[in-house]
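If you want the building blocks of each chain, they are given just below.
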Amino acid sequence: MRFDYDDRFLAWFQDRVRQVFLYVTDRCGLRCEQCLYKTTLANREMDHGTAMDLLADFRAMGAEKLTFIGGEPTLYGARHGGAPLLELVDHAAALGYRYIRLDTNGQQGRHLYHSSSFQRLDNLAFSLDGPDGATNDQVRGRKTFDRCLRSITTAVELAYYTTLTCCVHRAVVDKLDDMIELARDLGVRELNFHPLFKMGIARDGFSGETDIEPRQWLTAYERLMAARPFVAPLLIRAPRRFVATERYRESPGEYDYCPTLMGERVLIHPDGTLRICALCIGTPLGIGRYSGRVVTYTGDDGELGTSRLRRRPCMSQSRDFGDLTPLCISYKPHQNEYVWTTDQVDQRLFGTSQPVELSR
Ligand code: SF4
Ligand code: SF4
């Protein structure tokens, strides 16, 4: 270990952690209305040596999947033409990370796509929040659709495993079929939907008027799941997000999926925060902090506080959704995702790896 870890921190992750989300920079040229990082965007990036060492440590603890994220990760080390980012990709590959992804807004950084180091990425994921400029640009900013489309086209031409992530906001929720059509026209491999809600979390206060209602989503979700076989080879991934409370009480084991409890992932931020649940972004909550060469454990005041740990199935969402129970934002039955499939999560939850009809 390159860092000195508090034993309680280590116990949560050792041989349990499967994936690392490395927030290499808090810089971003955009200010999207729904941005969950709005309160942390800053002219700050992760110290390079720290990033290299934390990658090595979490790989030694068992992590296999790595996602470079931000801010906008292609801005990491931009003063040096992006060489520090390429070095991190090479380092991760040499450490044996088996699946390396990078999330980008597609506004800049295209010069990196031609680099053999960048081409080691297993997945280049673009954020696009509408099937046309009018729908996308109203949340992401003027001309962002056109610029992102140019980057996607380049990525597909260069044979990257290219995917789209679409935040499902109010203006796009009725246009998901058009999103699918666009994704197919572009030749991307996956379309990943992230529905936006007010959830009784800190982000509610800074994500604008972008949220949709749970029942709107459940209707859209059923349609997306039904469309899956007909849009192949495009893969659709989407979180279920809610279940009828009565159904949850009958069969909690099918829905109690929480990466925080599992110690399944770690989110590493440039300001020294280590956390697990993305819904804690924008709050002081985390599981620990790194500083110098030491990683401390946050303890009962943090993400793993005793009162939080008692809540099921999700310890972060506190809004009363009436007769619906909110599920993990990452609960996506039968999805094709590296950790989900290699850990046979469908098998654990449903006793089958085959698609099943999910009860309402
Ligand atoms: S591109 Fe991403 S990080 Fe940047 S403002 Fe938009 S949502 Fe936030
Ligand atoms: S969203 Fe809820 S269920 Fe998912 S990791 Fe966070 S606390 Fe756990």
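Because the structure is a prediction, the values reported are computed rather than measured.

Another point: the overall build of the protein. Each helix and strand in the protein was counted, giving 12 helices and 14 strands. Relative to its length of 360 residues, the protein is compact, with a C-alpha radius of gyration of 20 Å against a globular reference of 21 Å. C-alpha atoms of the protein, sized along the principal axes, occupy 50 × 50 × 40 Å. Relative to its full complement of 360 residues, the protein shows a buried share of 43%. Expressed as a percentage of contacts within the protein between residues at least 6 apart in sequence, the contacts between residues at least 24 apart total 73%.

Here the focus is the site of ligand 2. Every residue near ligand 2 is listed here: Cys 258, Pro 259, Thr 260, Cys 277, Leu 279, Cys 314, Met 315, Ser 316, Cys 328, Ile 329 and Ser 330. Grouping the constituent residues of the shell around ligand 2 by class yields 8 nonpolar, 3 polar and no charged.

Within the open sheet, the 12 strands sit side by side as β1-β13-β12-β11-β10-β2-β3-β4-β5-β6-β7-β8. Their pairing is mixed. Sheet topology places β1 (4-5) and β8 (235-237) at the edges, where each strand pairs with a single neighbour. Of the pairings in the sheet, the one linking strand β5 (residues 123-127) to strand β6 (residues 162-168) comprises 4 bridges and is parallel in character. The partner of Phe 126 across the bridge, within β6, is Leu 164. Packing of helix α2 (residues 48-61) onto the sheet brings it into contact with β2 (19-23), β10 (265-268) and β12 (288-291), and relative to β2 it is tilted by some 170 degrees.

In the vicinity of ligand 1, the contacting residues are Cys 28, Leu 30, Arg 31, Cys 32, Cys 35, Tyr 37, Gly 70, Gly 71, Glu 72, Asn 105 and Ser 127. In terms of residue class, the shell around ligand 1 is built from 5 nonpolar, 4 polar and 2 charged.

On to the confidence of the model for the protein, then. Low pLDDT means the predicted coordinates in that region are not meant to be read closely. Mean pLDDT for the protein: 96, with 98% of residues reaching 70 or above. Within the model, the stretch residues 356-360 combines pLDDT values under 50 with 5 contacts to residues more than four positions away or in other chains.

Moving on, we come to helix α6 (residues 176-186). Within the span of α6, buried status applies to Leu 176, Met 179, Ile 180, Leu 182 and Ala 183. Down the axis of α6, the buried side of the element spans an arc of 165 degrees, and every buried residue falls inside it. Tucked into the core, α6 has its buried residues touching β6, β7 (190-195) and α7 (214-227). Taken from the residues just after α6, Gly 187 is the one with a positive phi, measuring 80 degrees.

Turning to the nonpolar core, a few remarks are in order. Judged by nonpolar contacts, the single largest core of 81 residues is most densely connected at Leu 22, Val 24, Cys 166, Leu 191 and Val 266. With 10 residues, the next largest nonpolar core counts Phe 242, Val 243, Met 315 and Tyr 331 among its residues.

Turning next to the packing of helix α4 (residues 133-140) against helix α5 (residues 144-157). Relative orientation of the contacting elements α4 and α5 amounts to 105 degrees, with a least axis distance of 8 Å. Compared by their axis directions, α4 and α5 come out roughly perpendicular. The residues of α5 that touch α4, namely those facing Gly 133, Asn 136, Asp 137 and Arg 140, are Thr 144, Phe 145 and Asp 146. Looking at side-chain class alone, the contact of α4 with α5 contains 1 nonpolar, 3 polar and 3 charged residues.

Judged by how many residues are buried, β7 sits mostly within the fold: 5 of 6 residues are covered. Relative to β7, β6 is paired through 6 bridges, and the arrangement is parallel. Counterpart to Leu 164 in the pairing with β7 is Leu 191. Following the chain from β6 across α6 to the adjacent parallel β7, one finds a crossover that is right-handed. Both β7 and β8 contribute to a ladder of 3 bridges, which runs parallel. Looking at β8, one finds that Glu 190 is bridged to Leu 235. In terms of handedness, the path from β7 via α7 over to β8 forms a crossover that is right-handed.

Conventions and cut-offs
- Residues numbered from 1 in each chain as written.
- Chains lettered and ligands numbered in written order.
- Predicted model: local features only at pLDDT ≥ 70, side-chain atom pairs only at ≥ 80, totals over all residues.
- Helix = DSSP H or I, 4+ residues; strand = E, 2+ residues; numbered from the N terminus.
- Rg over C-alpha atoms; globule rule 2.2 N^0.38 Å.
- Buried ≥ 20, exposed ≤ 12 C-beta atoms within 10 Å, placed from the backbone.
- Contact = placed C-beta atoms within 7 Å.
- Near = placed C-beta within 6 Å.
- Nonpolar A, V, L, I, M, F, W, Y, C, P; charged D, E, K, R; others polar.
- Pairing = 2+ DSSP bridges.
- Axes fitted to C-alpha atoms, helices over the stretch in contact; angles between N-to-C directions.
- pLDDT = per-residue confidence, 0-100.
- Arc of directions from axis to C-beta.
- Core = buried A, V, L, I, M, F, W, Y, C linked by C-beta atoms within 7 Å.
- Parallel < 35°, antiparallel > 145°, perpendicular 65-115°, else oblique.
- Right-handed = clockwise from strand over helix to strand, strands pointing away.

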